[in-house]
Amino acid sequence: MAGMAGVALAALVGLTGCASAAPAGGTPTLDPDEDVSISFTFWGNDVRAKLYDEAIAAFEKQHPNIDVKILFLAPADYWEKRQIEASGGGLPDVVTMDLAYLRQYSASGSLLDLEPYLGSIIQTDAIDSQVLSAGAVDGTTTAIPLSTNSWGMFLNTTLLEKLGIDAFDGGTWDDYYEWMGEVSDAAEAEGVDVWGGVDPTTRIENFELQLRAEGDNLFDDDGTPGFDEKRLAEFWNAIADQREAGQVVPQQRIVEVQPLTAFDSALSASDTTWDNTGAGFLGNLGEGYDIQLVAPPLSVDGGKDLYLKASQMYSIAANSKQPAAAATLIDFLVNSPESGEIFGTNRGLPASATARDAADLDELSQTIADYEASISDRLGDAPPVPIVGYGSLHEKFRELAEEINFGTLTVDQAVDQFFAEMDVVLNQ
């Protein structure tokens, strides 16, 4: 839920510490004869709430000694409520966690160390190790991923066919920039308002992919950036020729169609984004359009730029009095075939193979599953859990890149402003 990254967590950021340890005494177990009650919270809409009601009913049928109290909130209210609970040491037993907040809640000591429960109560064999590692902060697992997505490129093949341009079939980032120019020129010749794509350098994720291909991270665990001013300027300048020639969607047109994007407004023939965005694209484009999902460009041979991102996760509160029961619920919601059948891809593509195999995948969901399998040779380890304050940097990057496209800032001015903002965030 990247849109929630801007919510303030002042009550947490000021705290220090680490994930709370599990109770001592060896491998944790659940007493099937002891009646216990646990609380579970998640964000979503009414559709997801009904699915969780069904899943919890199935869980309680399998574990009649565990009563689960469900706490459901809309996304806009979810993190504000969690902030209040965490500051008072009263988080629910099982918390649906977002990657953007994992470091903050882990560092404040609000989350339980899950290591003792892995392989004992929470089964991990069906979860790819690269995905599982996304729940670890400074070497301690405080969250279990329940779904995944990866960065990809969507192509509007209907627009491309009308323009007589072949789909982008791989290559370097420079190859992609040139292809975008060809599409834009062909559309201009036809007199239609279509461009090859939006400026890819407005997305910090594209910058992250290029850094990962070169062997660096956007930020290391301790917050050290994997780039300097020169490298960021190089990134923003890379598409300067196409930007100046009007071969990317004009920033003003992007603003005019919001909250839609240029891609699902049929202004752009391509877009780089998370692979689970496809359903929204198709829904907004409407009938008569076909889209294709392909791997993004890669400029370094053999580069491990891509990774499977945990789109949602589960954590146990450090204050939980029933951690074994909480872990049992997590295992069911992540791994069970029943959970896979009930949710399908509502929470994203299931991270667990057992749940994924049981899920009824529609055509688009199967396309995403096939895509994630096809990029296995480019998958690297998940990057370090985002630094505290990453959400504000993510937004600042986008704002500055848009100003570059409006022509209100030069690249050098934008670089200076971003590093000034980064200095504030990293030293707060």
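Remember, it's a predicted structure, so these values are computed and weren't measured experimentally.

### Describing the overall build of the chain
The number of helices and strands found in the chain is 18 helices and 11 strands. The globule rule puts the C-alpha radius of gyration for 428 residues at 22 Å, and the 22 Å found for the chain is close to it. Classification of the 428 residues of the chain by burial places 54% in the buried group. Considering only residue pairs separated by 6 or more positions, the chain has 76% of its internal contacts joining residues 24 or more positions apart.

### Re the side chain of T201
Position of T201 among the secondary structure elements: in the loop between α7 (173-190) and α8 (204-213). Judged by relative accessible area, T201 falls into the buried class, the value being 1%. Only 3.2 Å separates the side chain of T201 from the side chain of R243, close enough to count as a polar contact. Contact partners of T201, with chain neighbours within four places excluded, come to Y177, F235, W236, I239, R243, F397 and A401.

### Comments concerning the confidence of the model for the chain
Model confidence for the chain is summarised by a mean pLDDT of 91, while 94% of its residues fall at 70 or above. Scored below 50 in pLDDT, residues 1-18 makes 38 contacts in the model with residues more than four places away or belonging to other chains.

### Thoughts on helix α4 (residues 99-107)
Among the 9 residues of α4, 7 are classified as buried, and the element is accordingly described as predominantly covered. Among all positions in α4, only L99, Y101, L102, R103, Q104, Y105 and S106 are buried. Capping of α4 at its N-terminal end is provided by D98; its side-chain oxygen lies 2.8 Å from the backbone amide nitrogen of A100. Taken from the residues just after α4, G109 is the one with a positive phi, measuring 80°.

### Observations regarding the nonpolar core
If you look at the biggest cluster of nonpolar residues, it comprises 79 residues, and the most contacted ones within it are F40, W179, Y314, L329 and L333. Leave out the neighbours within four places in its chain, and L333 touches F40, Y52, A55, Y314, S339, F343 and R347. Of all hydrophobic cores here, the second largest spans 25 residues; its members include I387, F418, F419 and V425.

### Quick word on the sheet that holds strand β11 (residues 349-350)
Backbone hydrogen bonds are what pair the strands of a sheet, in a parallel or an antiparallel way. Strand order in the open sheet made by the 6 strands is β2-β1-β3-β10-β6-β11, with mixed pairing throughout. Either end of the sheet is taken by a strand with one partner, and the two such strands are β2 (66-73) and β11. Against the sheet, helix α13 (residues 323-335) contacts β1 (36-43), β2, β3 (94-97), β6 (144-149) and β10 (309-316), and its axis sits at roughly 155° relative to β10.

### A few points about the environment of D199
One can find D199 in the loop between α7 and α8. Given the relative accessible area of 3%, D199 is considered buried. When the C-alpha atoms of D199 and Q251 are compared, they prove to be 8.9 Å apart, with 52 residues separating the residues in sequence. Ignoring anything within four residues of it in the chain, the contact list for D199 reads I239, R243, V248 and N405. Among the polar contacts listed, one links the side chain of D199 to the side chain of R243, at a separation of 3.0 Å.

### Observations concerning the packing of aromatic side chains
Under the definition given, this model contains 33 aromatic pairs. When the ring of F418 is compared with that of F419, the centres are 6.5 Å apart and the planes differ by 80°; the resulting orientation is edge-to-face. Judged by its relative accessible area of 1%, F418 falls in the buried class. Its relative accessible area of 15% is what places F419 among the buried residues. Connected via pairs of aromatic rings, a cluster forms that spans F207, F219, F227, F235, W236, F397, F418 and F419. Over the ring of Y78 we find R82, and its NZ or CZ is 4.6 Å from the ring centre. Sitting above the plane of the W274 ring, K309 keeps its charged end 5.4 Å from the centroid.

Calculation rules
- The residue numbering used here restarts from 1 in each chain and proceeds along that chain's sequence as written.
- The model is predicted, so local features are restricted to residues of pLDDT at least 70 and side-chain atom pairs to those at 80 or more, both for listing and for counting; the totals for chains, interfaces and linings are taken over all residues.
- The side-chain figures draw on all heavy atoms in the structure; neither hydrogens nor water molecules are used.
- Only runs of H or I of at least four residues qualify as helices and only runs of E of at least two qualify as strands under DSSP, and these elements are numbered from the N terminus.
- Values of the radius of gyration come from C-alpha atoms, whereas the globule rule sets the reference at 2.2 Å times the count of residues to the power 0.38.
- Buried, partly exposed and exposed residues are distinguished by accessible area as a fraction of the type maximum, computed with a 1.4 Å probe on protein chains only: under 20%, between the cut-offs, and over 50%, respectively.
- In what follows, residue pairs with any heavy atoms lying within 4.5 Å of each other are defined as contacts.
- Under the rule applied, a polar contact is a pair of N or O atoms within 3.5 Å (in protein, one hydrogen donor and one hydrogen acceptor; residues adjacent in sequence only if both atoms are side-chain atoms).
- pLDDT expresses how confident the predictor is about each individual residue, on a scale running from 0 to 100.
- In plain words, nonpolar cores are sets of buried Ala, Val, Leu, Ile, Met, Phe, Trp, Tyr and Cys residues tied together by side-chain atoms within 4.5 Å.
- Strands are labelled as partners when DSSP assigns at least two bridges between them.
- Every angle, taken between N-to-C directions, lies between 0 and 180 degrees, and every axis is a line fitted to C-alpha atoms, over only the stretch in contact when it is a helix.
- Aromatic rings from Phe, Tyr and Trp, taking only the six-membered ring of Trp, are treated as a pair when their centres fall within 6.5 Å; an angle between ring planes under 30 degrees marks them as stacked, one over 60 as edge-to-face, and anything in between as tilted.
- The criterion for a charge sitting over a ring is simple: Lys NZ or Arg CZ within 6 Å of the ring centre, and within 35 degrees of the ring normal.

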